[in-house]
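Okay, here's what each chain looks like letter by letter:
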Amino acid sequence: MLAKENPKAGLGALLTPDNCVLILIDHQPFQFAGLRSHDTQTIINNVVGLTKSAKVFGVPTLFTTVVEQRGGLLIKQLQEIFPDQKPIDRTFINTWQDPRIVDWVKATGKKKIVMAALWTEICLAMPVIQALGEGHEVYIVTDASGGVSLEAHEMAVMRMVQAGAVPITWTVFGSELQRDWARTDTVPALAEMLVDHMGNVGTSLTWEFQLLATPVTE
């Protein structure tokens, strides 16, 4: 008897530029004001790195906000990455209940959905759980999302994983898309993101570049 196929294991379970989309939900001032599971700058750094990764590899990316007139516009750092994209502004708390979002995903033809949001326990959990129930494969970027408390964030991640979501971090996203250092076209941009957004890894890489550029003395 053949073993039942596990869609979350094997090469096909990994993300590629051709099999996924990225949805970023409610990275707005009001949501950041209530963020307590992480410090604000960390989430901004991580979600910007995540979005830059999507742009480098050509992953379809969608911004959405909730009642932006009251909650504020999408943060400037994200909007500057895709300056021509107008975020879809919703009244639904659950992004997946807005047909514009669902129709956008369907139009891409992609099987895997990568999501990050503020707040994890509400604006991420709701669409993730619904999309999973409708047969989508969903990956949640836990360090580009945050909640009103550490407990709220962690319980939401547990709930989504129990429902079938796959938790990843923002650097995992870029690494799976790159996959092979022989794909040299995207290496410079990926290295730039590491320098700009990956803390001690970035500073170490800069140091390595410095050492490699140092003339050999006799």
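Use the structure listed above.
Computed from a prediction, not measured in an experiment: that's the story for all the values here.

Calculation rules
- For every chain, the first residue of its written sequence is number 1, and the numbers climb from 1 along that sequence.
- Since the coordinates come from a predicted model, pLDDT governs what is reported: local features require at least 70, and pairs of side-chain atoms require 80 or more to be given and counted, while whole-chain, interface and lining totals use all residues.
- To get the side-chain values, take all heavy atoms of the structure and skip hydrogens and water.
- Segments assigned H or I by DSSP are reported as helices when at least four residues long, segments assigned E as strands when at least two residues long, and all are numbered from the N terminus.
- Restricting the calculation to C-alpha atoms gives the radius of gyration, and the globule rule supplies 2.2 Å times the number of residues raised to the power 0.38.
- In this scheme, a residue with accessible area under 20% of its type's maximum is buried, one over 50% is exposed, and one in between is partly exposed, where area comes from a 1.4 Å probe on protein chains only.
- Any two residues having at least one pair of non-hydrogen atoms within 4.5 Å are treated as being in contact.
- Here the positive residues are Lys and Arg and the negative ones are Asp and Glu; neither His nor the chain ends is included.
- Where a charge lies is defined by one atom per residue type, namely NZ (Lys), CZ (Arg), CG (Asp) and CD (Glu).
- A pair is scored as a salt bridge if a Lys or Arg side-chain nitrogen falls within 4 Å of a carboxyl oxygen belonging to Asp or Glu.
- Pairing between strands is defined by DSSP: at least two bridges between the two strands are required.
- Note on terminology: a nonpolar core comprises buried Ala, Val, Leu, Ile, Met, Phe, Trp, Tyr and Cys residues joined through side-chain atoms within 4.5 Å.
- Residues forming no salt bridge and having over 30% relative accessible area are the ones grouped into patches, like charges within 9 Å of each other and nonpolar side chains (Val, Leu, Ile, Met, Phe, Trp, Tyr) within 5 Å.
- Only the protein chains shown count as cover for residues, with accessible areas throughout obtained via the Shrake-Rupley method and a probe of 1.4 Å.
- Any Phe, Tyr or Trp ring, taking Trp's six-membered ring, that has another such ring centre within 6.5 Å forms a pair; planes under 30 degrees apart are called stacked, those over 60 apart edge-to-face, and the others tilted.
- Axes here mean lines fitted to C-alpha atoms, for a helix over just the part in contact, with angles spanning 0 to 180 degrees between N-to-C directions.

Novice: Where do I start with the overall build of the protein in this structure?
Specialist: Along its length, the protein carries ten helices and six strands. Computed over C-alpha atoms, the radius of gyration of the protein comes to 18 Å, within 12% of the 17 Å expected from 2.2 N^0.38 for 218 residues, which places it in the range of a compact globule. The principal-axis extents of the C-alpha atoms in the protein amount to approximately 65 × 55 × 35 Å. Counting every position in the protein, which comprises 218 residues, the buried fraction comes to 48%. In the protein, once contacts between residues fewer than 6 apart in sequence are set aside, the share between residues at least 24 apart is 78%. On the protein, the mean spot of the 17 positive side-chain charges and the mean spot of the 23 negative ones are 7 Å from each other.

Novice: Got a minute to help me understand unusual backbone geometry in this structure?
Specialist: Residues apart from glycine generally show negative phi values, whereas peptide bonds are mostly found in trans. Between Leu118 and Trp119 the backbone carries a cis peptide bond, its omega angle lying at 0 degrees. A positive phi angle is found at Asp26, which is not glycine, with a value near 65 degrees. With respect to the helices and strands, the residue Asp26 is situated in the loop between β1 (20-25) and α1 (29-33). Even without glycine at this site, Val67 takes up a positive phi of about 40 degrees. By the secondary structure assignment, Val67 is in the loop between β2 (61-66) and α3 (68-71).

Novice: Looking at this model, I keep getting lost on the pattern of salt bridges. Mind explaining?
Specialist: Between side chains of opposite charge, a pair can form when the charged atoms approach closely. The full count for this structure, using the stated rule, is five salt bridges. Of the charged contacts in the structure, one is a salt bridge between Lys112 and Glu137, with a shortest N-O distance of 2.5 Å. Here Lys112 is found in strand β4 (residues 112-117), whereas its partner Glu137 is found in strand β5 (residues 137-141), with 25 residues between them in sequence. Taking relative accessible area as the criterion, Lys112 reaches 4% and is therefore assigned buried.

Novice: Looking at this model, I keep getting lost on the pairing of β4. Mind explaining?
Specialist: Walk down a regular strand and you will see the side chains alternate between the two sheet faces. For β4, a buried count of six out of six residues is recorded, marking the element as mostly surrounded by other parts of the structure. The alternating pattern of β4 places Lys112, Val114 and Ala116 on one face and Ile113, Met115 and Ala117 on the opposite face, and all of these are buried. With six bridges joining them, β1 and β4 adopt parallel strand pairing. Counted as the bridge partner of Ile25 is Ala117 from β4.

Novice: Could you clarify how one ought to interpret the nonpolar core in this entry?
Specialist: Generally speaking, soluble globular proteins have nonpolar side chains that are buried together. In terms of nonpolar packing, the biggest core is built from 33 residues, with Leu15, Leu50, Val59, Leu78, Val114, Val141 and Phe173 touching the most fellow members. Of all the elements in the fold, those that place two or more residues in this core are β1, α2 (40-56), β4, β5, α8 (170-178) and α9 (187-197). Among the elements that make up this core, the one with the highest residue count is α2 (six residues). Listed in part, the 24 residues of the second largest apolar core include Ile23, Trp96, Ala156 and Met160.

Novice: For this particular structure, what's the right way to read a nonpolar patch on the surface?
Specialist: Residues Val195, Phe209 and Leu212 make up a contiguous nonpolar surface patch of roughly 290 Å² in combined accessible area. Along the chain, Leu212 turns up in helix α10 (residues 199-212). By relative accessible area, Leu212 is classed as exposed at 66%.

Novice: What exactly am I supposed to notice about the side chain of His153 here?
Specialist: Residue position: His153 is located in helix α7 (residues 150-163). Look at His153 and you get buried, because its relative accessible area is 7%.

Novice: Just to check I follow, could you spell out the packing of aromatic side chains for this structure?
Specialist: Each aromatic ring pair is characterised by the separation of its centres together with the angle its planes make. Scanning all chains against the criterion turns up two aromatic pairs. On the numbers, 6.0 Å between centres and 70 degrees between planes, the contact of Phe63 with Phe82 is edge-to-face. Of this pair, Phe63 sits in strand β2 while Phe82 sits in the loop between α4 (76-79) and β3 (88-90); the two residues are 19 residues apart in sequence, bridging distant segments of the chain. Each member of the pair, Phe63 together with Phe82, is buried.

Novice: Mind showing me how you'd approach the sheet that holds β2 here?
Specialist: Pairing between the strands of a sheet is mediated by backbone hydrogen bonds and can be parallel or antiparallel. The sheet built from six strands is open, its strands ordered β3-β2-β1-β4-β5-β6 with parallel pairing. Looking at the sheet topology across the chains shown, the edges are occupied by β3 and β6 (166-168). Direction aside, the axes of adjacent strands within the sheet are offset by 25 degrees on average. Across the sheet, helix α5 (residues 99-108) lies against β1, β2, β3 and β4, angled at about 160 degrees from β1, the strand it touches most.

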